[in-house]
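# Working through the structure, step by step
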Amino acid sequence: MHRPDTARTLSLARLRQLALIGMGWTIIGLGVLIAPLSGPGGLPVMLLGGAILLRNSADARRLFVRMKRRYPRLFHPVERIRLRLRRRRHEARAGSMPE
């Protein structure tokens, strides 16, 4: 029996991943458009798009790690927030587990 070519068939999970990557880039683009307006409106929007992109794209994660290693002082605030959220998630999981 011949198996279907996996490169030609897109699974539902892969379609979802591609949609989320596209949505992340769209949100980043929207943040760039909002950035010239008064206030910090563009930065949080771009960070949200970046977070969506980092969760769904291996290439974006590799680039983020490379930039984080190259410019540690620039990425320190982002890393601090990421670690705080990670710790909070871990504590929530540990608190919900039965003993």
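Structure's up top.
Scope of this entry: the structure provided in the associated data block. (Residues numbered from 1 in each chain as written. Predicted model: local features only at pLDDT ≥ 70, side-chain atom pairs only at ≥ 80, totals over all residues. Heavy atoms only, no water.)

### Observations regarding the packing of aromatic side chains
- A complete count under the given rule lists one aromatic pair for this structure.
- Between the aromatic rings of Phe-64 and Phe-75, the centroid separation amounts to 5.4 Å while the plane-to-plane angle is 85 degrees, which identifies the pairing as edge-to-face. You can see Phe-64 sitting in helix 3 (residues 58-70) and its partner Phe-75 sitting in helix 4 (residues 72-96), a full 11 residues away along the chain. Phe-75 matches Phe-64 in its accessibility class, with the two residues each being buried. (Phe/Tyr/Trp six-rings, centres within 6.5 Å; stacked < 30°, edge-to-face > 60°. Helix = DSSP H or I, 4+ residues; strand = E, 2+ residues; numbered from the N terminus. Buried < 20%, exposed > 50% of the residue type's maximum accessible area, 1.4 Å probe, protein only.)

### Regarding a nonpolar patch on the surface
- Together, Leu-10, Leu-12, Leu-15 and Leu-18 give the surface a local cluster of nonpolar side chains, amounting to about 400 Å² of exposed area.
- By the secondary structure assignment, Leu-10 is in the segment before helix 1 (12-34). (Patch = residues over 30% accessible without salt bridge, like charges linked within 9 Å, V, L, I, M, F, W, Y side chains within 5 Å. Areas by Shrake-Rupley, 256 points an atom, 1.4 Å probe, with all protein chains shown as cover. Salt bridge = Lys/Arg side-chain N within 4 Å of Asp/Glu carboxyl O.)

### A few points about the side chain of Asn-56
- By the secondary structure assignment, Asn-56 is in helix 2 (residues 42-56).
- Setting aside residues up to four positions removed in sequence, Asn-56 forms contacts with Gln-17, Leu-20, Ile-21 and Arg-61. (Contact = heavy atoms within 4.5 Å.)

### Structural notes on the environment of Ser-11
- Its place among the elements puts Ser-11 in the segment before helix 1.
- Ser-11 gets classed as partly exposed once you look at its relative accessible area, which sits at 40%.

### Looking at the packing of helix 1 against helix 2
- At a closest axis distance of 8 Å, the pairing of helix 1 and helix 2 adopts a crossing angle of 160 degrees. Of the possible angle classes, the one that applies to helix 1 and helix 2 is roughly antiparallel. Between helix 1 and helix 2 lies a crossing whose hand is left-handed. Note on element contacts: helix 2 touches helix 1 through Gly-42, Val-45, Met-46, Leu-48, Gly-49, Gly-50, Ile-52, Leu-53 and Asn-56, opposite Gln-17, Leu-20, Ile-21, Met-23, Gly-24, Trp-25, Ile-27, Ile-28, Leu-30, Gly-31, Val-32 and Ile-34.
- Grouping the amino acids of the contact of helix 1 with helix 2 by side-chain chemistry returns 14 nonpolar, seven polar and no charged. (Axes fitted to C-alpha atoms, helices over the stretch in contact; angles between N-to-C directions. Parallel < 35°, antiparallel > 145°, perpendicular 65-115°, else oblique. Left-handed = near helix turned anticlockwise from the far one by under 90°. Nonpolar A, V, L, I, M, F, W, Y, C, P; charged D, E, K, R; others polar.)

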